[in-house]
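Notes for the structure review
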Amino acid sequence: MNEAKDTRSTCPYCGVGCGLIIESVAGEIRGVRGDPEHPANAGRLCSKGATLHLTATPLIQRSRRLLQPAWRPERGAPAQAQRWDQTLPRLAERLAEIHRSHGPDAIGFYISGQLLTEDYHAFNKLARGLVGTNNIDSNSRLCMSSAVVGYKQSLGADAPPCCYEDIEQAGCVLISGANPAWAHPILFRRMEAARAARPEMKIIVVDPRRTESAEFADLHLQILPGSDVALCLGLLHACIWEGWIAEDFIAAHTEGFAALKELARGYTPREAARLCGIQEADLLTAARWFALSPASLSLYCQGLNQSSSGSDKNSALINLHLATAQIGRPGAGPFSLTGQPNAMGGREAGGMATLLPGHRDPADAAHRAEIAALWGVDALPERPGKSAVELFEAAARGEIKALWIACTNPAQSMPDQALVRRALEACELVILQDCFADTATAPYADVLLPAAGWGEKEGTVSNSERRISRVRAAIAPPGEARPDWQIVRDLAQHLEPLLRPGRPGLFEFERSEQLWLEHRAATLGRDLDIGGLSYALLDAQGPQQWPFPAGALRGQARLYQDGRFATPDGRARFIARPWQAPRDKIDAKYPLGLNTGRLREHWHGMSRSGQVPRLFGHEPRPLLRLNPQDMPRRGLADGDLVRLSSRRGEMVLAVQGDARVRPTLADLPMHWGQDHVSGRDSQGRPLLGVNALSQPAFCPDSRQPELKFTAVAVHKLDLPWRLSAAAWVSGDAVATVGRALSALLSEFDYAHCLPVAAPAGLPPEEGLQGWSLEAASAAPVAPELLRRIGDLLGLRGARLLRYVDGQRGRSRLALLDEGGHQARLRAVLTVGSVGEGAWVQALWRSAALAAPYGRRLLEPAEVDLSDAGPPAAAPSPQVCNCLDVSEARIRAQLASCAGSPAERLAALQQALACGTQCGSCLPALRRLERSTAPALVSSAPCLESQP
């Protein structure tokens, strides 16, 4: 009999590093829950983590996973499955040939912050120790490299000095360039609880957007994009003028303050406020709260990092901590929030072009010699390696001949997608090592290597607070998929005889722990020394923070408490850098600044989270948001389609007015790639998603690209012909139909295709979900394209209802799932003008009975339906993902809730339970409470209304 098994592991999403308990039966993952013993989350999970098991169902394993190695006989041809023993020798020969013909630097590696530390170690040793190139970089370059440089320049080492417990200890929390309410929700829950316990805590949010984090704050500094350095210099000027700096600390523990003080002289609060576009009084308030708080903590992320001056922004914030001695104490310090689950571990393992293992520098000959000796090689390469953007630029020029990509999707996530596509096409050999077969990068790969997924791997990860957690396999990888480090080892063992014949093997690893022990050896005596840790200790005592040297009883929660920093002389460095504007310039042609944020329920390119239809309930369509003031002058109304263009590319999107967006700015989530929203550009070429617009300009110190700011223009489009298609599908058709619809997006001037969660009432079928395609064109849709879509959605058979007006170019097809009064719409296809048959699409989404509508299902939009009662209404947006509670239901409930805001919110939660699980929707619930008046003033309890 197959028994249920619980396996403790770590979440593979953000850098909070939440502990998971994976529930599996008979080799299948059936559920996940938060680990109550893990110190990062104490049992809580966000909506993404709580639905992880839905990304590992048997249906997804067989329909979306890479299950065998595969090789394309030529570019554009279908990949042909092979055995490992066929692929590995052939691939080794191909790499060796490129190595002989063009040298080691013709080979590049682009890896991922989602890899485990052991995987990172294997790739790093392969690139530098065997191939002999420093051309290895990680997608962490896109999110964390400016934080690395900021810590190293100011404090001497890439070591966040804080821990999560500091949230409870802080008197003032400054959140800069981050939205933890959505991006790090478990930490945000701790902040909410901390302020509830200590209402005197002050929270300041610095963000051009009015995010849910900003709504929670006591003070929101809605600065202009890119003005963070000017803000910090203005805050420092105020602190100096008011005597709020810690002169004794500065004298005893720092260097360089005189130069910084001279620079800050020119950034008076008035001038800094002008540069930032905020009120001088608000700047002064922020300075007072930060400097005079018993303990001030800063939390920051991509708003500081993804910038052409990202390192300067990080250092400017650290300057404030040093000047006011807000560091090295409980509740105080600069705390970079990590974006990926093991970006920190990758930095520890040296898995970037600008790093070596153990926080060493590849430009330092002594550091290179230390790692060469540890690895058993003669020497490490001296030539500087290329960072992420530079790798793809070099490939586009033909300098990089082979590119090995692992666990990342650069054809969606890298800036300047036109350049990235040219680079992939120009490479002689592209190797893609991934879990999934259908990412945007996969069509460019010559070789596909199937990797193990999140619940199938053994190893370790490090989270934002330097805490190392174990990752454990709950099930075996499907098919022939292997853990990433094993794929590297197996290929290396075939490559070694070709590149270093007769020499001892470098990759004699049988278990992940052996790689980890070699990694541990690289940390000994360094600032991140983990000589006292082992798999056994982590298994017995749980996750631990570094440093944890031999003989230690526990890790060090906070760094620099003795005032001695990781610099040669022990003194921290003030970095004096002036404010610089973003690289992309606003002008008459491109008058708006585009900010790329994220959606609450999704993560990065959505290759994993996009498999869960219910995660689309909160934001059911791609939208560009503008401030309502910016819309009338462009002739725009909510729902209009616009062409969003930059100096590099364009997108077509629906627009929505949103007062939370600052005037002259535009806001678009980073997730919307070509797989979900596309169309044709003005030259008829396929649109490549949000990063077709973004720029490759990067910070000169960190080489992190400025993804957070792009100058754009917005122009209304006249696309009168609209198509709406949707179907409920199940089994293997889920992936087949989704891929086929996605492939059709560029047949229209605009189109998006998204999954839809199946509501209650539909018959139970394996993996049942919906696919919804919305499209628009300047000209009527070609009959052949309509036929292809109809065939994909199964619009045929005796239960198909059809209405066609050939003269007007209108049509509607509706497929019923059964006859009689219990019939529901299985699939629909509507072609016509704007809004044509929108209520039919809503009827399909709701899975309501179709019989009451009868012949009206086929009547044109202008037919009077007054005698039929109201047509189906569009579904209300989902607010609580965990319990699928809609905005309409919440507003109806709040209408019967009386009392103070806190009492109304508590009564709402008692009635509907929304916000009681992961808590990610709590900011939205507070906003709805403020905007929904009670129907009657009453002291009666809030009673649950009918949905």
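Quick caveat: nothing in here was measured; it's all calculated off a predicted structure. (Residues numbered from 1 in each chain as written. Predicted model: local features only at pLDDT ≥ 70, side-chain atom pairs only at ≥ 80, totals over all residues. Heavy atoms only, no water.)

So, the overall build of the chain
Operational definition: Only DSSP runs of H or I with at least four residues qualify as helices, and only runs of E with at least two residues qualify as strands; both kinds are numbered from the N terminus onward. Radius of gyration means the value over C-alpha atoms here, while the globule rule gives 2.2 Å times the residue count to the 0.38 power. Throughout this description, buried means an accessible area under 20% of the type-specific maximum (1.4 Å probe, protein chains only), exposed means over 50%, and partly exposed covers the range between.
For the chain, the helix and strand inventory stands at 30 helices and 35 strands. A compact globule built from 947 residues would reach a C-alpha radius of gyration of about 30 Å, and the chain, at 28 Å, matches this within 12%. Along the longest, intermediate and shortest principal axes, the C-alpha atoms of the chain span 85 × 70 × 65 Å. Taken over 947 residues, the chain has a buried fraction of 64%.

Digging into the environment of Leu-553
Here Leu-553 shows up in the loop between β19 (544-545) and β20 (572-573). Leu-553 gets classed as exposed once you look at its relative accessible area, which sits at 71%. For the pair Leu-553 and Ala-733, spaced 180 residues apart in sequence, the C-alpha separation works out to 54 Å.

Digging into the sheet that holds strand β2 (residues 19-25)
Here is the rule we go by: Here, any two strands with at least 2 DSSP bridges between them count as paired. The axes used here are C-alpha line fits, helices contributing only the stretch in contact, and every angle between their N-to-C directions lies in the interval 0 to 180 degrees.
Here three strands make up an open sheet; going across it, the order is β1-β2-β3 and the pairing antiparallel. Bordering the open sheet on either side are β1 (4-10) and β3 (28-34), each of which pairs with just one other strand. Averaged over all adjacent pairs, the angle separating strand axes in this sheet is 30 degrees, with direction ignored.

Section: the environment of Thr-932
Tracing the backbone shows Thr-932 in the segment after α30 (922-931). Looking at Thr-932, the relative accessible area reads 8%, which means it is buried. As a C-alpha pair, Thr-932 and Ala-96 span 836 residues in sequence and 67 Å in three-dimensional space.

Thoughts on the side chain of Asp-630
Basically, it comes down to this: It only takes one pair of heavy atoms within 4.5 Å for two residues to be counted as in contact.
As for its position among the elements, Asp-630 is in the loop between β22 (623-626) and β23 (641-645). When near neighbours in sequence (up to four residues on either side) are disregarded, Asp-630 contacts Arg-662, Pro-663, Thr-664 and Leu-665.

As for unusual backbone geometry
The step from Trp-546 to Pro-547 runs through a cis peptide bond, and the omega angle for that step is 5 degrees. Counting through the fold element by element, Pro-547 comes out in the loop between β19 and β20. Even without glycine at this site, Ala-26 takes up a positive phi of about 50 degrees. Here Ala-26 shows up in the loop between β2 and β3. Note on Ala-26: relative accessible area 47%, which makes it partly exposed. At Met-606, a residue that is not glycine, the phi angle is positive and equals roughly 65 degrees. Among the secondary structure elements, Met-606 is positioned in the loop between β21 (592-597) and β22.

What about the nonpolar core?
Operational definition: Remark: nonpolar core denotes a set of buried residues (Ala, Val, Leu, Ile, Met, Phe, Trp, Tyr, Cys) joined through side-chain atoms within 4.5 Å.
In terms of nonpolar packing, the biggest core is built from 67 residues, with Leu-155, Leu-221, Leu-231 and Leu-322 touching the most fellow members. Counting residues in each nonpolar core, the second largest holds 48 residues, with Trp-84, Ile-107, Trp-375 and Ala-522 among its members.

Digging into the side chain of His-618
Structurally, His-618 can be placed in the loop between β21 and β22. Residue class for His-618 comes out buried when judged on its relative accessible area of 17%. In this structure, His-618 is in contact with Trp-182, Arg-600, Glu-601, Gln-878 and Val-879, ignoring residues within four places of it in sequence.

Considering the pattern of salt bridges
Side chains that differ in sign of charge can pair as their charged atoms come close. Put simply, the test is: Criterion for a salt bridge: a side-chain nitrogen of Lys or Arg within 4 Å of a carboxyl oxygen of Asp or Glu.
All told, the structure shown has 65 salt bridges when counted by the stated rule. Among the ionic pairs, Arg-62 bridges to Asp-732, the shortest N-O distance being 2.6 Å. Here Arg-62, found in helix α2 (residues 58-63), pairs with Asp-732, found in the loop between β28 (721-729) and α25 (733-743); they are 670 residues apart in sequence, far enough to count as distant. By relative accessible area, which is 40% here, Arg-62 ends up partly exposed. Put simply, Arg-94 and Glu-97 hold a salt bridge, and the shortest N to O gap is 3.7 Å.

Description of the sheet that holds strand β14 (residues 402-406)
Think of a sheet as strands paired side by side through backbone hydrogen bonds, with each pair either parallel or antiparallel. Taken together, seven strands build an open sheet; the order of strands is β5-β4-β16-β15-β14-β6-β7 and the sheet is mixed. Either end of the sheet is taken by a strand with one partner, and the two such strands are β5 (80-81) and β7 (136-138). In this fold helix α4 (residues 117-131) packs onto β6 (107-111), β7, β14 and β15 (429-434), with an angle of close to 170 degrees to the strand it touches most, β6.

Some thoughts on the packing of aromatic side chains
Test applied: What counts as a ring pair is set by centres within 6.5 Å for rings of Phe, Tyr and Trp (its six-membered ring), and what kind of pair is set by the plane angle: stacked under 30 degrees, edge-to-face over 60, tilted for all other angles. Both a distance and an angle decide whether a charge sits over a ring: NZ of Lys or CZ of Arg must be within 6 Å of the ring centre and within 35 degrees of the ring normal.
Using the criterion set out here, one finds 13 aromatic pairs in the structure. Grouped by ring-pair contacts, the aromatic residues Phe-109, Phe-123 and Trp-404 constitute a single cluster. Geometry around Trp-71 places Arg-90 over its ring, the cationic atom sitting 3.8 Å from the centre.

Description of the confidence of the model for the chain
Going by this rule: Along the chain, pLDDT gives the predictor's confidence residue by residue, from 0 to 100.
In the predicted model, the chain carries a mean pLDDT of 94, and 97% of its residues have values of at least 70. pLDDT under 50 marks residues 937-941. Its contacts with residues more than four places away, or in other chains, come to two contacts. Segment residues 943-947 is flagged for pLDDT under 50; beyond a separation of four residues in sequence, or across chains, it makes ten contacts in the model.

Side note on the pairing of strand β9 (residues 202-206)
Extensive coverage of β9 is indicated by the burial of four of its five residues. In the sheet, strand β8 (residues 172-176) pairs with β9 via five bridges, with the strands oriented parallel. Counted as the bridge partner of Ile-175 is Val-205 from β9.

Thoughts on the packing of helix α18 (residues 365-375) against helix α23 (residues 512-523)
For the record, the criterion: Oblique is the label for every angle not falling under 35 degrees (roughly parallel), over 145 degrees (roughly antiparallel), or within 65 to 115 degrees (roughly perpendicular). Definitions for this section: a left-handed crossing has its near helix turned counterclockwise from the far helix by less than a right angle. A right-handed crossing has that turn clockwise. Think of it as three bins: nonpolar holds Ala, Val, Leu, Ile, Met, Phe, Trp, Tyr, Cys and Pro, charged holds Asp, Glu, Lys and Arg, and polar takes everything else, Gly as well.
Viewed as axis vectors pointing N to C, α18 and α23 meet at an angle of 150 degrees, and their least axial separation amounts to 11 Å. The orientation of α18 with respect to α23, classified from their angle, is roughly antiparallel. Along this stretch, α18 crosses α23, giving a crossing that reads as right-handed. In this structure, α18 contributes Ile-371, Leu-374 and Trp-375 to the contact, and α23 contributes Glu-518, Ala-521 and Ala-522. In terms of residue class, the contact of α18 with α23 is built from five nonpolar, no polar and one charged.

Digging into helix α29 (residues 901-912)
So the rule is basically this: By definition here, a helix of n residues has an expected span of 1.5 Å times n minus one.
Between the first and last C-alpha of α29 there are 16 Å, a value that for twelve residues agrees with the 16 Å anticipated at 1.5 Å per step. All buried positions along α29 are accounted for by Arg-904, Leu-905, Ala-907, Leu-908, Gln-909, Ala-911 and Leu-912. Its buried side turned inward, α29 meets β35 (885-886), α28 (887-894) and α30. The positive-phi residue at the C-terminal boundary of α29 is Ala-913, with phi of around 70 degrees.

Thoughts on the packing of helix α10 (residues 228-242) against helix α14 (residues 280-292)
For the pair α10 and α14, the least separation of the axes is 9 Å and the interaxial angle reads 65 degrees. As far as their axial angle goes, α14 and α10 are roughly perpendicular. Crossing geometry of α10 relative to α14 is assigned as right-handed. Of α14, the residues touching α10 (which contributes Leu-231, Gly-234, Leu-235, Ala-238 and Cys-239) are Leu-283, Leu-284, Ala-286, Ala-287 and Ala-291. Grouping the constituent residues of the contact of α10 with α14 by class yields nine nonpolar, one polar and no charged.

Quick look at the environment of Val-461
With respect to the helices and strands, Val-461 occurs in strand β17 (residues 459-462). Sequence separation between Val-461 and Glu-200 is 261 residues, and the spatial gap between their C-alpha atoms is 35 Å. Residues in contact with Val-461, not counting those within four places in the same chain, are Thr-10, Leu-116, Thr-117, Pro-341, Asn-342, Arg-467, Ile-468, Ser-469 and Val-471.

Topic: the state of the cysteines
Disulfides are covalent bonds that link the sulfur atoms of two cysteine residues. To keep things clear, this is the line we draw: Any cysteine sulfur atom paired with another within 2.5 Å is treated as part of a disulfide.
Within this structure, the stated rule accounts for zero disulfides. For the unlinked cysteine Cys-162, the closest cysteine sulfur is that of Cys-163, found at 7.4 Å. Relative accessible area serves as the criterion here: at 0%, Cys-162 is assigned to the buried category. Of all cysteine sulfurs, the one in Cys-918 lies closest to Cys-882, which takes part in no disulfide; the gap is 3.7 Å. When its relative accessible area of 22% is taken as the criterion, Cys-882 is described as partly exposed.

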